[in-house]
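Read off the chains here:
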Amino acid sequence: MLRRILPLTALLATLAVPALAQSKSPLPIEGKTSLFQRVLIRERIEAKPAPDSDGTAAALSPLQVFFVYDRDGDWMQIGASDQGDDLMWIPAAASIPWNQNIVATLEGSDNVGRVLFFNDIDPIYDIIESENPAGLAKDARDEALAAEQGGEPSETVIALGPRETIDQRQNLYVMPILSTEEAVFDIGPFVNLLQVAVASANAPNTPLPSDDAGAGDLKTAVVFVVDTTISMEPYIRATRDALQEVYREAAGSAAADAVSFGLVGYRDSLEAAPGLGYDVRTFVDLQEGLNVDNFLNGIDQMQEADSSSKNFREDSYRGIEHALEDMDWSGFGARFIVLVTDAGPREFDDQYSSTGLSAESLNRIIRERIGGAMAVMHLRTDRGAKDHPSAEAAYKQLTAFPNSAPLYFPIQNGDPEVYRETARTLGAIVAQQTSSYRQSGGDEILDEDAISDEGDGRFSGLSTAGRTMQLAYLGKTEGARAPDLFEAYVADRDFDRTGLKPLSIRLLISKADLSNLEEALRIIVDQAERNVVNPDQFFAQVLGVAADMSRRPDQVSRQSDPSLAEAVALDEYLADLPYKSQIMAITEDDWVRLPISEQQTIVNGLYDKIERYRRYNEATDQWVDYLGAGPQAGNLLYPMLLDDLP
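Since this is a predicted model, take the numbers as computed values, not measurements. (Residues numbered from 1 in each chain as written. Predicted model: local features only at pLDDT ≥ 70, side-chain atom pairs only at ≥ 80, totals over all residues. Heavy atoms only, no water.)

### Description of the overall build of the chain
1) Next: What the chain contains, in helices and strands, is 17 helices and 22 strands.
2) Next: Counting every position in the chain, which comprises 646 residues, the buried fraction comes to 57%.
3) Next: Residue pairs in contact within the chain that sit at least 24 positions apart in sequence constitute 75% of those at least 6 positions apart.
4) Next: Accessible surface computed for the chain: about 26000 Å², of which carbon and sulfur atoms make up 46%. (Helix = DSSP H or I, 4+ residues; strand = E, 2+ residues; numbered from the N terminus. Buried < 20%, exposed > 50% of the residue type's maximum accessible area, 1.4 Å probe, protein only. Contact = heavy atoms within 4.5 Å. Areas by Shrake-Rupley, 256 points an atom, 1.4 Å probe, with all protein chains shown as cover.)

### Things to note about the packing of aromatic side chains
1) Next: Overall, the coordinates contain 11 aromatic pairs when judged by the stated rule.
2) Next: On the basis of an interplanar angle of 80° and a centroid distance of 6.0 Å, the ring pair of Tyr235 and Tyr419 is categorised as edge-to-face. Taken together, the residues Tyr235 in helix α4 (residues 233–251) and Tyr419 in helix α9 (residues 416–439) connect sequence positions 184 residues apart.
3) Next: Ring centres 6.2 Å apart and planes at 65° place the aromatic pair Tyr278 and Phe283 in the edge-to-face group. One exposure class covers both Tyr278 and Phe283, and it is buried.
4) Next: Positioned above the aromatic ring of Trp98 is the side chain of Arg38, whose terminal nitrogen or guanidinium carbon lies 5.6 Å from the ring centre.
5) Next: Over the face of the ring belonging to Trp623 we find Lys511, whose NZ or CZ atom lies 4.5 Å from the ring centre. (Phe/Tyr/Trp six-rings, centres within 6.5 Å; stacked < 30°, edge-to-face > 60°. Lys NZ or Arg CZ within 6 Å of the ring centre and 35° of its normal.)

### Observations concerning the pairing of strand β6 (residues 75–79)
Two faces, one strand: in a regular strand the side chains alternate between the faces of the sheet.
1) Next: Summarising burial for β6: 5 of the 5 residues are buried, a large majority.
2) Next: Burial along β6 is two-sided: Trp75, Gln77 and Gly79 facing one way and Met76 and Ile78 facing the other are all buried.
3) Next: In this sheet, β6 lies alongside strand β5 (residues 65–72) in antiparallel orientation, the contact comprising 5 bridges. Directly across from Arg71, in β6, lies its bridge partner Met76.
4) Next: The hairpin formed by β5 and β6 contains 2 residues between the paired strands, and Gly73 there has a positive phi angle of roughly 60°.
5) Next: Of the pairings in the sheet, the one linking β6 to strand β7 (residues 88–91) comprises 4 bridges and is antiparallel in character. Bridging across to β7, Gln77 finds its partner in Trp89. (Pairing = 2+ DSSP bridges.)

### What about the side chain of Glu347?
1) Next: On the secondary structure map, Glu347 appears in the loop between β17 (334–341) and α7 (359–370).
2) Next: Side chain to side chain, Glu347 and Tyr317 meet in a polar contact 2.6 Å long.
3) Next: In this structure Glu347 touches Tyr317, Ser353, Leu357, Ser358, Ala359 and Ala394, once residues within four positions along its chain are discounted. (Polar contact = N/O pair within 3.5 Å; in protein donor to acceptor, adjacent residues only side chain to side chain.)

### Observations concerning the sheet that holds β7
Strands pair in a sheet through their backbones, by hydrogen bonds, and they do so in one of two ways: parallel or antiparallel.
1) Next: Spatial ordering of the open sheet is given by β7-β6-β5-β2-β8, a layout of 5 strands whose pairing is antiparallel. Taken across any chain shown, the strands that pair with only one partner, and hence form the sheet edges, are β7 and β8 (95–97). Within this sheet the neighbouring strands show an average axis-to-axis angle of 50°, counted without direction. (Axes fitted to C-alpha atoms, helices over the stretch in contact; angles between N-to-C directions.)

### With respect to the sheet that holds strand β19 (residues 408–412)
1) Next: Overall, mixed pairing links the 6 strands, which are arranged β16-β15-β14-β17-β18-β19 in an open sheet. Every other strand in the sheet has two partners, leaving β16 (280–284) and β19 as the edge strands with one partner each. Mean inter-strand twist for the sheet, computed between neighbouring axes without regard to direction, equals 20°.
2) Next: Of the pairings in the sheet, the one linking β17 to strand β18 (residues 373–380) comprises 6 bridges and is parallel in character. Paired with Thr341 across the strands is His378, a residue of β18.
3) Next: Packed onto the sheet, helix α8 (residues 388–398) meets β17, β18 and β19 and runs at close to 165° relative to β18.

### Brief notes about the packing of α7 against helix α17 (residues 596–618)
1) Next: Two elements in contact, α7 and α17, have axes whose closest approach is 10 Å; the angle formed by their N-to-C orientations is 15°. In this view, α7 runs roughly parallel relative to α17, as classed from their interaxial angle. The crossing of α7 and α17 is right-handed. Every residue of α17 that contacts α7 at Glu360, Ser361, Arg364, Ile365 and Arg369 is listed here: Asp608, Arg612, Arg615 and Tyr616.
2) Next: Grouping the amino acids of the contact of α7 with α17 by side-chain chemistry returns 2 nonpolar, 1 polar and 6 charged. (Parallel < 35°, antiparallel > 145°, perpendicular 65-115°, else oblique. Left-handed = near helix turned anticlockwise from the far one by under 90°. Nonpolar A, V, L, I, M, F, W, Y, C, P; charged D, E, K, R; others polar.)

### Focus: a negative patch on the surface
1) Next: A surface patch of like charges, here negative, comprises Asp126, Glu129, Glu131 and Asp186.
2) Next: Along the chain, the position of Glu129 falls in the loop between α1 (122–128) and α2 (133–148).
3) Next: Its relative accessible area of 34% is what places Glu129 among the partly exposed residues. (Patch = residues over 30% accessible without salt bridge, like charges linked within 9 Å, V, L, I, M, F, W, Y side chains within 5 Å. Salt bridge = Lys/Arg side-chain N within 4 Å of Asp/Glu carboxyl O. Lys, Arg positive; Asp, Glu negative; His and termini not counted. Charge placed at Lys NZ, Arg CZ, Asp CG, Glu CD.)

### A few points about the confidence of the model for the chain
The predicted coordinates should not be examined in detail at positions where pLDDT is low.
1) Next: Averaged over all residues, the pLDDT of the chain equals 80, while 81% of them reach at least 70.
2) Next: Mean pLDDT across the elements of the chain ranges from a minimum in strand β1 (residues 4–7), with 30, to a maximum in β16, with 96.
3) Next: In the predicted structure, residues 200–212 sits below a pLDDT of 50 and forms 32 contacts with residues beyond four places in sequence or in another chain.
4) Next: Across residues 480–484, confidence stays below pLDDT 50; counting only partners more than four residues off in sequence or on other chains, it has 21 contacts. (pLDDT = per-residue confidence, 0-100.)

### Describing unusual backbone geometry
1) Next: You will see that Asp86, though not glycine, has its phi angle at about 50°, which is positive.
2) Next: Take Asp86: it is sitting in the loop between β6 and β7.
3) Next: Residue Asp86 is classed as exposed on the basis of its relative accessible area, which comes to 67%.

### Brief notes about the environment of Glu304
1) Next: Looking at the secondary structure, you find Glu304 in the loop between α5 (292–300) and α6 (316–326).
2) Next: Each C-alpha atom, one on Glu304 and one on Asp227, is 8.2 Å from the other, the two residues being 77 residues apart in sequence.
3) Next: In contact with Glu304, not counting residues within four places along its chain, are Thr228, Thr229, Ile230, Ser231, Met232, Glu233, Ile236 and Arg267.
4) Next: Reaching out from Glu304, the side chain makes a polar contact with the backbone nitrogen of Ser231 at a distance of 3.1 Å.
5) Next: In terms of polar contacts, Glu304 uses its side chain to reach the backbone amide nitrogen of Glu233, at 2.9 Å.

### Observations regarding α9
1) Next: With 24 residues, α9 should reach 34 Å at 1.5 Å per residue; the first-to-last C-alpha distance of 34 Å fits that figure.
2) Next: Residue Asp415 occupies the N-cap position of α9, its side-chain oxygen lying 2.8 Å from the main-chain nitrogen of Glu417. (Expected span 1.5 Å × (residues − 1).)

### As for the pairing of strand β14 (residues 220–227)
1) Next: Among the 8 residues that make up β14, 8 are buried, leaving the element largely enclosed by the rest of the structure.
2) Next: Every second residue of β14 is oriented toward a common face, with Thr220, Val222, Phe224 and Val226 on one face and Ala221, Val223, Val225 and Asp227 on the other, all of them buried.
3) Next: Judged from the 8 bridges that link them, β14 and strand β15 (residues 259–266) form a sheet pairing that is parallel. Bridge pairing in β15 places Phe224 opposite Leu263.
4) Next: Regarding topology, α4 serves as the crossover connection from β14 to the parallel β15, and that connection is right-handed.
5) Next: Taken together, the 7 bridges between β14 and β17 define a ladder with parallel strand orientation. Within β17, the position partnered with Val222 by the bridge is Phe336. (Right-handed = clockwise from strand over helix to strand, strands pointing away.)

So this is what it looks like as structure tokens:
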């Protein structure tokens, strides 16, 4: 088999903004003008004020990141910032070259096995090129499990990933990617084989869901976000009946006082339809929702609107984002949002969208901000038949969950009784999972077969999401951590079910870098909007604004046929990532040839990215000193998924 090696040689240390005058600059990466060489510390070591000095400049820990300023034989001069401050020397062998802020992280899911960390790439090829990769992987995992329990060391597997899911905000599984190799399963899809450096980051501890929470104290929050426009009264009452039954059944189990149902009502943009009364409102918060009487009192206040929306679509994303931001999720280890609607959403390119978000962006924000799952109960009434296909596509994207089926529940013909039973089943499964977990004290995660008498195949995704969140809660309460620092090889696909991915690739991005990314995209979208009727002037305007904003004016202005990335000085930033952006590769000739409709689609997509970046910036609890560089604001990083790049 042909093995194509793709070394990851560079990612920015800072975007291309002119540096202030300083006494010394880091060494540039070969072939780059604005990106600097950096290294990871491999082991605990004392840095020296000079090569072979007897003195000590600082005590360094594994995984700290430094810029490289000079090299002298086997020694290397390093500094924590690119400003030339507090320079010191270390043996080059005590470091690992790492010019990128890019890491692989475990994508916690109940559906995939524990990740295998191999000592070489060849054993992975032996597995993926076989006719029975699942069987060979099981043999390797069994061997590693035996070694983990005190038996003979495995000849090929260095370590196993934890069974529990690690909360990346508490203890990110930091796996800097050193190189990657693309291969293909003998009987399956392409797979990325990653050489990684693995270490447990010294991130500050995030508080547990409650001050005295233990492994068996899991609480679950479910917020129903209900469309309250005209025609929704039967479904409001059906929600009341369904959840009243769930509360009654839970009262006699270990889930009593451990499952809360919150309630949000939404209608539509008041700008589009001022007579609706409200666009979104909380009827039951999560503290009130622990008590059935509070929930019933709240839903009894919910009524359908007495005037119509502007058109059939409604701003359901506004209701979801309100639930995300208005509810206090902090006391709950498992978190669900359930949308109940008969209408498609106002997507990010709708003039009456109050969020400016796409389904993909909102899904990402829910999972990143609260670690939760999104479900949709789509009431497919005859009245909305023309809307159903586009609504279904959007809601399946909104409810995607890693390595699982979307949590999308179509209610055919919008039958209120079918909806009531679906809502009751969903609530019952969540309550039963919580009860089983608490009864076992966290020792057992509910098996999917245990809910077969309550649900059916439609609810397998919901069960997977619940068990995944239980594993995450268990990992948080028991302090699941990564192994000590080592180098290893991993595959980004599950050997048993090759369609699933146990790893995701993330960029540890600073606030300054995120701001510069957003600024670059704003230059593009602003000039695109100004030059809709003159697309041939678009690139010249982008280049001019970029130069005026000091984005390498001497370089961007000299490009004969620059791409969008080059025009806004993002080309070096994106060039060596395992991520290819078709949009940022567009040249002036490409742009002029595009129909106006395709140009607008591109611009709308960039607006969606900008909105996503804004919300990442606002998620203050997710900005952490993952790399142990110090508590200063400039060292805080956000673990952004690679496909969030433009």
